[in-house]
2 protein chains.
Amino acid sequence: MMKSVTVYDIAKEANVSVATVSRVLNNTAPVKASTRERIQSLINKYQFQPNALARSLIKKVTGMIGIILPDITNPFFPEVLAGLEQEARKQGYTFFLCDTGSSNLDIKEQYKRETQYLNILMEKQVDGIIMIGGRIDLHKCSKEMAKEVAEINKRVPLVFINGNLPGAKFHRVVIDEEAGGRMVTEHLIGLGHRDIAFIGGYSQMSNTVERLQGFRMAMERAGLPVREEWIDHGGFSVQRGKNMMGRLLEMDTVPTAVVCANDLVGIGAIKAAVKSGLQVPRDVSITGVDGVPLAASVIPELTTMSLRCLELGRAAASVLHGLISKSGDVQTLTILQPELVIRESTSVPMQKEA
Amino acid sequence: MMKSVTVYDIAKEANVSVATVSRVLNNTAPVKASTRERIQSLINKYQFQPNALARSLIKKVTGMIGIILPDITNPFFPEVLAGLEQEARKQGYTFFLCDTGSSNLDIKEQYKRETQYLNILMEKQVDGIIMIGGRIDLHKCSKEMAKEVAEINKRVPLVFINGNLPGAKFHRVVIDEEAGGRMVTEHLIGLGHRDIAFIGGYSQMSNTVERLQGFRMAMERAGLPVREEWIDHGGFSVQRGKNMMGRLLEMDTVPTAVVCANDLVGIGAIKAAVKSGLQVPRDVSITGVDGVPLAASVIPELTTMSLRCLELGRAAASVLHGLISKSGDVQTLTILQPELVIRESTSVPMQKEA
DNA sequence: CGCCATGATGAAATCGGTTACTGTGTACGA
DNA sequence: TCGTACACAGTAACCGATTTCATCATGGCG
């Protein structure tokens, strides 16, 4: 648009060297008051803004951090993002947002996108990377990906939020997913439910696997059988939730409670239940996991496990900052405990017609 | 972490000059096959990735575009973002996300943040900027801001989504907000409502003002009076929606329908209505504006004006790309028509007890 | 009065790429 | 046989900052 003014232009017009201009810019060495003013006024006059590319090139610090997440449209992620922002803004970082758009992609395509974004972020010389989303060993892409990410981790600080990759040691900030799955199931069992289903998520993602593990553990401890036909993995969206709940309701025997892998699926499940004439929670209790604000906005309000998204984001930002600034005392693994939020979508089961 | 390898390292080991390495990197001139292979294998061996800062410094193109929005936590914005992504990814852009976090801030603070982000984006040499959110003349900060943004617009392509600033000519992609407000109101009038309220938004934001204008126009055309005490501006969140609806329901006379400035407020309004024992839509009809997926997930599903977020994002991305690549044929103003989505939260009003 | 710390500044190297310019060697048409 | 064109490759300038090193006053101190 316009050729931009540089330190050289300023220097020339002020009859000083670029070094001096740089000094007033960064306050890095004493400059005579009169000279400083002269330069400062030129800076104002031209609205001069130093080129961050040039600066970063020599300083080897960009103040940029990259964020890779699977689907910005899922309200969990904006929430975490907000937490990241809050913390990272203080340190003066700005964000690269990389949405791998997984909601519509198959897993292979998603890995490709992640790799692609990872490379872009490296080229752009970000100071650090945050990856949000669960991974686990079950998919064959995963090993390859792990190696790749490990390689990157050697070059630039990286922290995982709620996820991991097999065989590699990354810095991680996670929610105790298993405890989450367990506690929410125990809540239902405590209410008197015995026939409980688990729907949602992806079988190759660590968050799903761990939540399900917690579910199984709670059931086992209570001496309740787990019906495998009541376990269904089919995604994380409202629509998927509707579908899975729909399938569940068409079965011969129907559970009295359903734990959903996340809030969106929970909301979808409520919709499906209501649509087929059931009342929630009278006829069927439904729970979510995530604790996004939205879960408190539906009717009935969703009982859920709060994953404390904001804190998750904040914690990750501060770990990453520790890594970047090499302040020694960074924990490799930070575990946050989820919190059961009891609202309106759960209650004691209806009396069995005897 | 590790000192990175450069073109010089590659060049030395391959016994060629950096120019040749650059040529194989960018395929910008013929290189002998054997040489190319030798270089390529070294690139693979070291996982060499050219430094984008250095490249951008001389090429004057960064492939980065900045996005400024008020609150990533409001589902409208992720939706628009997804649209932007879809389109911009094709062109190879990556995003800087700047959340001014307005949900908690007063307007002055928000302007400060915007200015700050704008400056950061300029320094980082983004190829273009997209600002999402409505503005209008009513606030005194606004004039100043307009000048500032106009100044920036001279230096780097900028497009507004759903917003404007007084006295300046920017490229804009907008929804016809007034039509939106009008159509949704006409829908209610068509159902037989005469006592209609309008709640939500901010009186200094153009989107609110225009939606309200549409509301007034529809009322006027139908010969219906607008009760000023039924007009309440108090924000865009679910919580605010609850509060405003609560106030409305405490009045001596209560409307039979409420048009809300956005979906979140609409959802809050439904919650408040239900909480105070009313049924929606039997006792009161409620409408939103935005058309976020969430609006279809609540019970009852919210009747709303779809602002076609994805298309909005895509259109903005393509306008911005046109601006950046100077492909001449860019429209200054792109207007999309909103679409009425009738769902479950509106119906004919109850018979007046005569 | 001489010395040295300090203030104030400039010259030039540097970061890691791209590219304009230049210079070979070879093929091809006249 | 000569001129021209093109394939291939190197040299060095350049992008716009920061920073090291050197220079030169100035002034306090012994």
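Description of the structure in this document.

Reading the values: rules and limits
- Residues numbered from 1 in each chain as written.
- Chains lettered and ligands numbered in written order.
- Predicted model: local features only at pLDDT ≥ 70, side-chain atom pairs only at ≥ 80, totals over all residues.
- Heavy atoms only, no water.
- Helix = DSSP H or I, 4+ residues; strand = E, 2+ residues; numbered from the N terminus.
- Rg over C-alpha atoms; globule rule 2.2 N^0.38 Å.
- Contact = heavy atoms within 4.5 Å.
- Near = heavy atom within 4 Å.
- Polar contact = N/O pair within 3.5 Å; in protein donor to acceptor, adjacent residues only side chain to side chain.
- Nonpolar A, V, L, I, M, F, W, Y, C, P; charged D, E, K, R; others polar.
- Buried < 20%, exposed > 50% of the residue type's maximum accessible area, 1.4 Å probe, protein only.
- Least-squares fit on C-alpha atoms with pLDDT ≥ 70 in both.
- Disulfide = S-S within 2.5 Å.
- Core = buried A, V, L, I, M, F, W, Y, C linked by side-chain atoms within 4.5 Å.
- Pairing = 2+ DSSP bridges.
- Phe/Tyr/Trp six-rings, centres within 6.5 Å; stacked < 30°, edge-to-face > 60°.
- Lys NZ or Arg CZ within 6 Å of the ring centre and 35° of its normal.
- Axes fitted to C-alpha atoms, helices over the stretch in contact; angles between N-to-C directions.
- Parallel < 35°, antiparallel > 145°, perpendicular 65-115°, else oblique.

A word on the overall build of chain A. From N to C terminus, chain A includes 12 helices and 12 strands. Its C-alpha atoms give chain A a radius of gyration of 26 Å, clearly above 20 Å, the size a compact globule of 354 residues would have. For chain A, the C-alpha atoms occupy an extent of roughly 95 × 40 × 40 Å along the three principal directions. Partitioning the intrachain contacts of chain A with sequence separation of at least 6 by distance along the chain shows that 74% fall at a separation of at least 24.

By nearness alone, 28 residues border DNA strand D, and A:Thr6, A:Val7, A:Ser22, A:Asn51 and B:Arg23 come closest of all. Each atom of DNA strand D within 4 Å of the protein was assigned to sugar, phosphate or base; sugar and phosphate come to 67%. Within the side chain of A:Ser22, a nitrogen or oxygen atom sits 2.7 Å from a phosphate oxygen of DNA strand D. With five residues, the top contributor of residues to the surface near DNA strand D is helix α4 (residues 52-59) of chain A. Tallied by class, residues from the surface near DNA strand D come to 14 nonpolar, nine polar and five charged.

A separate point is the environment of A:Ser4. Residue and element names in this part refer to chain A. Looking at the secondary structure, you find Ser4 in the segment before α1 (7-14). Exposure remark for Ser4: the relative accessible area of 52% places this residue in the exposed category. Separated by 46 residues in sequence, Ser4 and Pro50 have C-alpha atoms that sit 9.6 Å apart.

Turning to the relation of the copies chain A and chain B, a few remarks are in order. Superposing chain A onto chain B takes a rotation of 180 degrees plus a shift of 0.0 Å along the axis, which leaves an RMSD of 0.1 Å. Expressed as an axis order, the relation between the two copies is that of a two-fold axis. When the interface residues of chain A are mapped onto chain B, 100% of them again lie at the interface, so the same face is used by both copies.

So, on to the interface of chain A and chain B. In this assembly, 55 residues from chain A lie in contact with 55 residues from chain B. Taken together, the connections running from chain A to chain B amount to 22 residue pairs in polar contact (both at pLDDT 80 or more). Put simply, the parts of the chain that give the side of chain A that touches chain B at least two residues each are α4, α5 (76-90), β2 (94-99), α6 (107-123), α7 (140-155) and α11 (263-275) of chain A. Its residues placed into classes, the side of chain A that touches chain B shows 29 nonpolar, 12 polar and 14 charged.

Moving on, we come to the state of the cysteines. Counted under the stated rule, the structure contains zero disulfides over all chains. With no disulfide of its own, A:Cys98 lies 14 Å from the sulfur of B:Cys98, the closest cysteine sulfur. Owing to a relative accessible area of 2%, A:Cys98 belongs among the buried residues under this scheme.

Take the nonpolar core next. Ranked by size, the top nonpolar core spans 143 residues in total, and within it A:Leu84, A:Met245, A:Ile286, B:Leu84, B:Met245 and B:Ile286 carry the most contacts. Tallying contributions element by element places helix α12 (residues 309-324) of chain A first for this core, with nine residues. Excluding residues that lie within four positions of it along the chain, A:Leu84 makes contacts with A:Ile67, A:Phe95, A:Ile130, A:Ile132, A:Gly313, A:Arg314, A:Ala316 and A:Ala317. In terms of nonpolar packing, the next biggest core, distinct from the first, is built from 44 residues, A:Ile129, A:Met131, B:Val126 and B:Leu158 among them.

The subject of this paragraph is the sheet that holds strand β12 (residues 339-341) of chain A. Sheet architecture is open: six strands sit in the order β7-β6-β8-β9-β10-β12 (chain A), paired in mixed fashion. Single-partner strands in this sheet number two, and they are β7 (231-232) and β12 of chain A.

Right, let's talk about the packing of aromatic side chains for a bit. Aromatic rings considered in pairs are described by the distance between their centres and by the relative angle of their planes. Residue and element names in this part refer to chain A. In this structure the tally under the stated criterion is nine aromatic pairs over all chains. Each ring, one from Phe76 and one from Phe77, has its centre 5.2 Å from the other, and the planes form 80 degrees; the classification is edge-to-face. A relative accessible area of 6% places Phe76 in the buried class. With a centroid separation of 5.1 Å and an interplanar angle of 40 degrees, the aromatic rings of Phe160 and Phe170 are classed as tilted. In this pair, Phe160 is assigned in strand β4 (residues 158-161) and Phe170 in the loop between β4 and β5 (171-175), connecting sequence segments 10 residues apart. Both residues of the pair, Phe160 and Phe170, count as buried. Directly above the aromatic system of Trp230 lies the positively charged group of Arg227, at a separation of 4.5 Å from the ring centroid.

Our focus in this paragraph is the packing of helix α2 (residues 18-26) of chain A against helix α3 (residues 33-46) of chain A. All names here are of chain A. Running from N to C, α2 and α3 point in directions that differ by 80 degrees, and their axes come no closer than 10 Å. As judged from the angle between their axes, α2 and α3 are roughly perpendicular. Contacts between α2 and α3 involve Thr20, Val21, Val24 and Leu25 from the first element and Thr35, Arg36, Ile39, Gln40 and Ile43 from the second.

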